[in-house]
Amino acid sequence: MRISIYRYNPETDQAPYMQDYRLDEVSSETMVLELLTRIKAEQDESLSFRRSCGEGVCGSDGMNINGKNRLACITPVGELGESIEIRPLPGMPVIRDLIVDLSQFYHQYRSVKPYLITHDAEPEIERLQSPQERDRLDGLYECILCACCSTSCPSFWWNPDKFRGPAALLQAARFLEDSRDQGTAERLNELDGPYRLYRCHTIMNCTDVCPKHLNPSEAIGKIKKKMLKHII
Amino acid sequence: MTLRAGGVRPWVLQRLSALYMALFLLLAVPAAWLAEPLDFSTWHAMFTRPWFNVATTLFCLALLGHAWVGGRDILLDYVHPPGLRFALLGLLGLFLLSMLVWLLGILLPLMGGVA
């Protein structure tokens, strides 16, 4: 099996380049992360990539595999064919090889205040929810912040400093839906303007690539409906 | 209205204008198609009817509003130097405004059967 990997070390390389590796005896169930680990262990210890849990929970190993953003640890080789091309997540500054600088992504995430905003005095007991209210958070809270969605979004490529991006907007939707949150007006006011929310043109790359099968595009649509109700 | 302009309002304008244009085309195209005979005098008569004239004028306004939001979106996405963006937005606005003046110059005199 041939694996072509994006390489760039800013300390020694003038420009990025693709480097080919060959691996034998690879079964179709083998995950791409395992291929990378084998290459690093057996052929080239300078190859750099992020990894942690290895089972699609931590979101560390998001990368562009055969043209689509995926988590290497839960992408079986059998889905990809005989030739595999691995690049870093698109649109982000490359630190080294497959490692990108996600500062911009985390800045946008922090900007939507991904925590409960409450104005009432803190209660003696937990803030309770009915099962129905809790159900409204399904499909919103499961995001692992792997950045596969935001870095596949053309609007985020064009305006990463101004557009919040699908991952951050999914979190905004999660707290707008939360029955315990009291910051609805504050959150919607913050999202108005030409860039933060409305650069989303429903391209839906985010939904296509989400490794947790979430639907940021639908969540953004719900925020836009809430925004409309808010101004009427 | 507590929100500042620039986000939700253009978004609403784009959707409302699209809705109106779709409805207008669904009604006006068959009406024009069915008009017999399909010649200048028949068309002229159609546009002299106040309801059709007003509906067509509203269609033109919706089209230009829709085009403004769409063109503005493209410039916000792709053109980042502020000076160039401002100049292109100005050109787009002037172009659409001249289209509006031209269209109103054609449609409004027909309202009462003049021209």
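Residues numbered from 1 in each chain as written. Chains lettered and ligands numbered in written order. Predicted model: local features only at pLDDT ≥ 70, side-chain atom pairs only at ≥ 80, totals over all residues. Heavy atoms only, no water.

Some thoughts on the packing of helix α5 (residues 165-176) of chain A against helix α8 (residues 216-231) of chain A
Residue and element names in this part refer to chain A.
And step 1. Packing of α5 against α8 brings their axes to within 9 Å, and their N-to-C directions diverge by 55°. In terms of axis orientation, α5 runs oblique to α8. Remark: the crossing between α5 and α8 carries left-handed chirality. Contacts from Pro166, Leu169, Leu170, Ala172, Ala173 and Leu176 in α5 reach Pro216, Ala219, Ile220, Ile223 and Lys226 in α8.
And step 2. When the residues that make up the contact of α5 with α8 are grouped by side-chain class, the tally is ten nonpolar, no polar and one charged. (Axes fitted to C-alpha atoms, helices over the stretch in contact; angles between N-to-C directions. Helix = DSSP H or I, 4+ residues; strand = E, 2+ residues; numbered from the N terminus. Parallel < 35°, antiparallel > 145°, perpendicular 65-115°, else oblique. Left-handed = near helix turned anticlockwise from the far one by under 90°. Contact = heavy atoms within 4.5 Å. Nonpolar A, V, L, I, M, F, W, Y, C, P; charged D, E, K, R; others polar.)

Side note on the side chain of Arg199(A)
And step 1. One can find Arg199(A) in the loop between α6 (184-191) and α7 (205-209).
And step 2. Taking the relative accessible area as the measure of exposure, Arg199(A) reaches 1% and is therefore buried.
And step 3. In this view, Arg199(A) contacts Ser155(A), Asn159(A), Phe163(A), Pro194(A), Arg72(B), Asp73(B), Leu76(B) and Asp77(B); residues no more than four positions away in its chain are not counted. (Buried < 20%, exposed > 50% of the residue type's maximum accessible area, 1.4 Å probe, protein only.)

A word on the packing of aromatic side chains
And step 1. Considering all chains together, one arrives at nine aromatic pairs over all chains under this definition.
And step 2. Between the aromatic rings of Tyr198(A) and Trp11(B), the centroid separation amounts to 5.9 Å while the plane-to-plane angle is 50°, which identifies the pairing as tilted. With Tyr198(A) in the loop between α6 and α7 and Trp11(B) in helix α1 (residues 8-34), the pair connects residues from two separate chains. Here Tyr198(A) and Trp11(B) have matching classes, each one buried.
And step 3. The rings of Tyr20(B), Phe24(B), Trp43(B), Phe47(B), Trp51(B), Phe52(B) and Phe59(B) are connected pair by pair, giving a single aromatic cluster.
And step 4. The ring of Tyr141(A) is capped by Arg134(A), whose NZ or CZ atom sits 4.8 Å from the centre of that ring.
And step 5. The ring of Tyr195(A) carries Arg199(A) above its face, with NZ or CZ at 5.8 Å from the centroid. (Phe/Tyr/Trp six-rings, centres within 6.5 Å; stacked < 30°, edge-to-face > 60°. Lys NZ or Arg CZ within 6 Å of the ring centre and 35° of its normal.)

Observations concerning the sheet that holds strand β3 (residues 62-65) of chain A
All names here are of chain A.
And step 1. Strand order in this open sheet of five strands is β2-β1-β5-β3-β4, and the pairing throughout is mixed. The open sheet has two edge strands, β2 (17-22) and β4 (68-71), and neither has a second partner. On average, each strand axis in the sheet is inclined to that of its neighbour by 35°, with strand direction left out of account.
And step 2. Of the strand pairs in this sheet, β3 and strand β5 (residues 83-87) are connected by two bridges, and their pairing is antiparallel. Paired with Ile65 across the strands is Ile86, a residue of β5.
And step 3. Against the sheet, helix α1 (residues 32-42) makes contact with β1 (2-7), β2, β3 and β5, and its axis sits at roughly 75° relative to β1, the strand it touches most. (Pairing = 2+ DSSP bridges.)

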